[in-house]
Amino acid sequence: MDILFLLFLSKPLWMWLLFISIVLCLLAFDLGVLHKDDQEIGVAESLRMSAMYIVLGLSFSGFIWWQMGATATAQYMTAFVVEKTLALDNIFVIALIFSFFAIPREYQHRVLFWGILGVIVLRGIMIGLGATIVDQYHWVLYLFAAFLILTGIKMLFVADKEHKIEDNAMIRFLKRRLNVTEDLHGHSFFVKKLNPETGRMVRFATPLFLALIMIEIADLVFAVDSVPAVFTITTDPYLVYTSNIFAILGLRALYFALAAILHRFAYLKYALSVLLIFIGSKIFVADAMNWEKFPPEWSLGITFTILGAGVAFSLWKTGSSSPEQQAKADSKQQS
């Protein structure tokens, strides 16, 4: 049993195994019990699932407090809230991807489920590499911070611009390199069909597989912002990874709950921009004030304030408008 107390990335191995076991049990329960059949997930069910994942993520802070103390708990909570909020921008892109490939709602959960598995692995690799680099070269945190500030400033000026999936170079690349069917074939990612050029049965990718690849790439792009953001909150890889994964686990449920009302959060992107600037500036403020680090309690409170203001302004500004009405209003504003 001594092996369970060996340190891995500064934490006993049993703490990592416990967390991974929780994640695997949640995924098995989700796919094997709740959604073993293809079905459209309604808003009510989505809200219940989203609430469950949020409660689980927040409850895990009790374990953090028990094992690591109050400061680590505040850092975990801040990181969880930041990751959960940055994931909202990911939801906008996921909605565009599903719309572009015309993926029916009853198959969207399958795509997102396998996408989550990929995210768990990819973010684990990124966080492991990031933790090693930060441990060896502490000054990299300043590069992360500067990158976040520049990203936040850039987002302020492009927040109202639409993503154009049809112009994506990766889609063109995949269609050139893969045999791709024009139509869906149930929930299958691949099917065997007759190749008209060779007369042989070959494996074709379906639009469902292309949607999965695009969602994985989108998360990788968003991780470039979100992972450095959490490293500026805490450099503890256990806190970084657990907050990331708990925030991402509920992304599927959050998507189905918010997909129909995304237009109501049209101005939240500006709050996310300000949040990235704030997170990036913390390390410089701490140095200027001769603090060891920016107070975690302040960071959590300011994060909630920025996000609360963004949500409140979005809800007030959009009112009861429909997505079409909001789109027309945005186009008039841009012109």
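Residues numbered from 1 in each chain as written. Predicted model: local features only at pLDDT ≥ 70, side-chain atom pairs only at ≥ 80, totals over all residues. Heavy atoms only, no water.

Keep this limit in mind: UniProt positions are given in the numbering used here, feature names are shortened, and annotations may be inferred rather than shown by experiment.
Named according to an unreviewed UniProt entry, the protein chain is Tellurite resistance protein TerC originating from Cereibacter changlensis. If you open the UniProt record of the protein chain and go to Sequence similarities (unreviewed entry), you find "Belongs to the TerC family."

Some words on the overall build of the protein chain
Selection criterion: In this text, helices come from DSSP runs of H or I with a minimum length of four residues, and strands from runs of E with a minimum of two, each type numbered from the N-terminal end. Only protein chains enter the accessibility calculation, which uses a 1.4 Å probe; a residue whose area is less than 20% of its type maximum is buried, one above 50% is exposed, and one in between is partly exposed. Residue contacts are counted whenever heavy atoms from the two residues lie within 4.5 Å of one another. In this description, accessible areas are obtained by the Shrake-Rupley approach with a 1.4 Å probe, and a residue is regarded as covered only by the protein chains that are shown.
Summing up its helical and strand segments, the protein chain has 12 helices and four strands in all. Evaluated residue by residue, the protein chain yields a buried proportion of 48% over its 335 residues. Contacts spanning at least 24 positions in sequence make up 78% of the contacts within the protein chain whose residues lie at least 6 apart. Carbon and sulfur atoms provide 65% of the accessible area of the protein chain, an area that totals close to 17000 Å².

Considering the packing of helix α6 (residues 169-177) against helix α7 (residues 207-231)
Operational definition: Only the stretch in contact is used when fitting a helix axis, every axis being a line fitted to C-alpha atoms; angles between N-to-C directions are given from 0 to 180 degrees. Orientation is classified from the angle alone, with under 35 degrees giving roughly parallel, over 145 giving roughly antiparallel, 65 to 115 giving roughly perpendicular, and any other angle giving oblique. Crossings are classed by handedness, with left-handed meaning an anticlockwise turn of the near helix from the far one by less than a right angle and right-handed meaning a clockwise turn.
Axis separation between α6 and α7 bottoms out at 11 Å; the angle between their running directions is 140°. Taken together, the axes of α6 and α7 are oblique relative to one another. Judged by the twist between their axes, the crossing of α6 over α7 is right-handed. Contacts between α6 and α7 involve Met170, Ile171, Leu174 and Lys175 from the first element and Leu210, Ile213, Met214 and Ile217 from the second.

What about the environment of Arg252?
Tracing the chain through its elements places Arg252 in helix α9 (residues 251-258). A sequence separation of 137 residues divides Arg252 from Gly115, and the C-alpha atoms of the two residues are 9.5 Å apart.

Digging into the pairing of strand β4 (residues 201-205)
The condition that has to hold: Only strands joined by at least two bridges in the DSSP assignment are considered to pair.
Where strand β3 (residues 190-194) lies against β4, five bridges are found, and the strand directions are antiparallel. Following the sheet pairing, Leu194 is matched in β4 by Met201. Counting the residues between successive antiparallel strands, the hairpin from β3 to β4 contains six residues, one of them, Gly199, with a positive phi of roughly 75°.

Description of α9
Within α9, eight of the eight residues are buried, which leaves the element mostly enclosed by the surrounding structure. Listing the buried residues of α9 in full gives Leu251, Arg252, Ala253, Leu254, Tyr255, Phe256, Ala257 and Leu258.

A few points about α7
So the rule is basically this: In a helix, the anticipated span is given by 1.5 Å times the number of residues less one. What is called the bend at a residue is the angle between a pair of axes, fitted to the seven residues leading up to and ending at it and to the seven starting from it.
An ideal rise of 1.5 Å per residue puts 36 Å on 25 residues; α7 measures up with 36 Å between its terminal C-alpha atoms. The sharpest bend along α7 measures roughly 40° and falls at Ala223.

Points about the packing of aromatic side chains
Each aromatic ring pair is summarised here by two numbers: the centre-to-centre distance and the angle between the ring planes. Heads up, the rule is: We call Phe, Tyr and Trp rings a pair once their centres come within 6.5 Å, taking the six-membered ring for Trp, and we label the pair stacked below 30 degrees between planes, edge-to-face above 60, and tilted otherwise. Each ring is checked for a lysine NZ or an arginine CZ that lies within 6 Å of its centre and within 35 degrees of its normal; such an atom marks a charge sitting over the ring.
Throughout the structure, instances matching the rule amount to 24 aromatic pairs. With a centroid separation of 5.5 Å and 70° between ring planes, the pair formed by Phe19 and Phe246 is classed as edge-to-face. With Phe19 in helix α1 (residues 13-34) and Phe246 in helix α8 (residues 237-249), this pair connects stretches of sequence that are 227 residues apart. The exposure class assigned to Phe246 is buried, which follows from its relative accessible area of 2%. Three or more aromatic residues link up through ring pairs in this structure, and these residues are Phe8, Trp14, Trp16, Phe19, Phe60, Phe63, Trp66, Tyr76, Phe80, Tyr238, Tyr241 and Phe246. For Lys193, the ring lying beneath its charged end belongs to Phe204, and the centroid distance is 5.7 Å.

Points about a nonpolar patch on the surface
Test applied: Patch members must show over 30% relative accessible area and no salt bridge, and they are joined within 9 Å when carrying like charges or within 5 Å when they are nonpolar side chains of Val, Leu, Ile, Met, Phe, Trp or Tyr. Throughout this description, the term salt bridge denotes a Lys or Arg side-chain nitrogen within 4 Å of a carboxyl oxygen of Asp or Glu.
Nonpolar side chains collect at one region of the surface, where Val121, Ile125, Leu129, Ile133, Tyr137, Trp139 and Leu143 lie side by side and expose about 750 Å² of accessible area between them. The element best represented in the nonpolar patch is helix α4 (residues 105-136), accounting for four residues. Mapped onto the elements, Tyr137 comes out in the loop between α4 and α5 (140-158).

So, the nonpolar core
What counts, and what does not: Side-chain atoms within 4.5 Å are what join buried Ala, Val, Leu, Ile, Met, Phe, Trp, Tyr and Cys residues into a set we call a nonpolar core.
Within the largest apolar cluster, 93 residues are counted, with the highest numbers of intra-cluster contacts made by Phe231 and Leu249. The biggest single contributor to this core is helix α3 (residues 70-100), with 17 residues. When residues no more than four places from it in sequence are discounted, the contact partners of Leu249 are Val23, Leu26, Leu27, Tyr53 and Ile116.

With respect to the pattern of salt bridges
If you walk through the whole model with that rule in mind, you get three salt bridges. With a shortest N-O distance of 2.6 Å, Asp236 and Lys11 are connected by a salt bridge. Of this pair, Asp236 sits in the loop between α7 and α8 while Lys11 sits in strand β2 (residues 11-12), and the two are 225 residues apart along the sequence. Of the two residues, Asp236 and Lys11, neither departs from the other in class, the shared state being buried. For Arg123, the salt bridge is made with Glu83, and the minimal N-O distance between the two is 3.1 Å. Linking Arg123 in helix α4 with Glu83 in helix α3, this pair joins segments that are 40 residues apart in sequence. The same class applies to Arg123 as to Glu83, namely buried. Each of Glu83, Arg123 and Asp219 takes part in a single network of salt bridges with overlapping partners.

With respect to the confidence of the model for the protein chain
Using the following cut-off: What pLDDT expresses is the predictor's confidence in each residue, scored from 0 to 100.
Scored by pLDDT, the protein chain has a mean of 81; 87% of the residues are at 70 or more. Low pLDDT (under 50) marks residues 329-335, which in the prediction has three contacts with non-local residues, meaning those over four places away or in another chain.

So, the environment of Leu148
As for its position among the elements, Leu148 is in helix α5. Between the C-alpha atoms of Leu148 and Ile279, which are 131 residues apart in sequence, the distance is 7.4 Å.

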